[in-house]
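Each chain, written out:
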Amino acid sequence: MKNKVILLASDQLGKGDTELGEGILETFFTILKQKEELPVAVFCMNRGVFTLTENSLVSLQLKELEEKGIDVLACKTCVDYYELNDKLTAGKISGMAQFIELASKYEVITLS
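Residues numbered from 1 in each chain as written. Predicted model: local features only at pLDDT ≥ 70, side-chain atom pairs only at ≥ 80, totals over all residues. Heavy atoms only, no water.

Student: Tell me what's going on with the pattern of salt bridges, and back it up with residues and numbers.
Tutor: For the structure on display, the rule yields 6 salt bridges. Notably, a salt bridge pairs Glu107 with Lys4, separated by 3.6 Å at the nearest N-O pair. One end of the pair, Glu107, is in strand S5 (residues 107-111); the other, Lys4, is in strand S1 (residues 4-8), with 103 residues separating them in the sequence. By relative accessible area, Glu107 is classed as partly exposed at 48%. When the shortest N-O distance is used, the salt bridge between Lys92 and Asp71 registers 3.9 Å. A residue pair is termed long-range when its members are at least 10 positions apart, and Lys92 in strand S4 (residues 92-94) and Asp71 in strand S3 (residues 71-75) qualify at 21 residues. (Salt bridge = Lys/Arg side-chain N within 4 Å of Asp/Glu carboxyl O. Helix = DSSP H or I, 4+ residues; strand = E, 2+ residues; numbered from the N terminus. Buried < 20%, exposed > 50% of the residue type's maximum accessible area, 1.4 Å probe, protein only.)

What follows is the structure in structure tokens.
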């Protein structure tokens, strides 16, 4: 995952049962945070911003990645749209300009 940015565009991984998709996404980040080589950043957009709230088990994993020095970013437009400004427990508000800057420097892996 070295020199990569994860674009998290959903609060679940894959299409289908919501509970299953949320569990798979949590497992992904649980395993990822244990690796030596971590991504440069995780950028959450669209429903991906819900993973940064206390209602998502993924928020615990993202908080731990943050504590390891990984930038965990939330799309400001998306946070505003879903009215989550006061509900984020992980990550910091960012904008599309910062994502574009990251994408110009690093390979992007999209999870949706």
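Student: Break down helix H2 (residues 58-67) for me, citing the residues and quoting the values.
Tutor: All of the buried residues along H2 are Val58, Ser59, Gln61, Leu62 and Leu65. All buried residues of H2 lie within an arc of 160° about the axis, which places them on one face of the element. Seen from the open side of H2, the exposed residues pointing more than 90 degrees away from its buried face are Leu60 and Glu67. Looking one or two places after H2, you find Gly69, whose phi comes out positive at around 95°. (Arc of directions from axis to C-beta.)

Student: Would you mind going over the environment of Val72 in detail, with residue names and values included?
Tutor: Mapping Val72 onto the fold places it in strand S3. For Val72, a relative accessible area of 1% gives the class buried. Expressed as a C-alpha distance, the spacing of Val72 and Glu36, which sit 36 residues apart in the sequence, is 17 Å. Every residue in contact with Val72, bar those within four places of it in the chain, is listed here: Val42, Leu52, Leu62, Glu66, Gly91 and Lys92. (Contact = heavy atoms within 4.5 Å.)

Student: Break down the packing of aromatic side chains for me, citing the residues and quoting the values.
Tutor: Using the criterion set out here, one finds 4 aromatic pairs in the structure. Both rings, one in Phe43 and one in Phe99, keep their centres 5.0 Å apart while their planes meet at 40°; by these two values the pair is tilted. In this pair, Phe43 sits in strand S2 (residues 41-44) while Phe99 sits in helix H4 (residues 96-105), placing the two residues 56 residues apart along the sequence. When sorted by exposure, Phe43 lands in the same class as Phe99, which is buried. Here the aromatic residues Phe50, Tyr81 and Tyr82 are joined through ring pairs into a cluster of three or more. (Phe/Tyr/Trp six-rings, centres within 6.5 Å; stacked < 30°, edge-to-face > 60°.)

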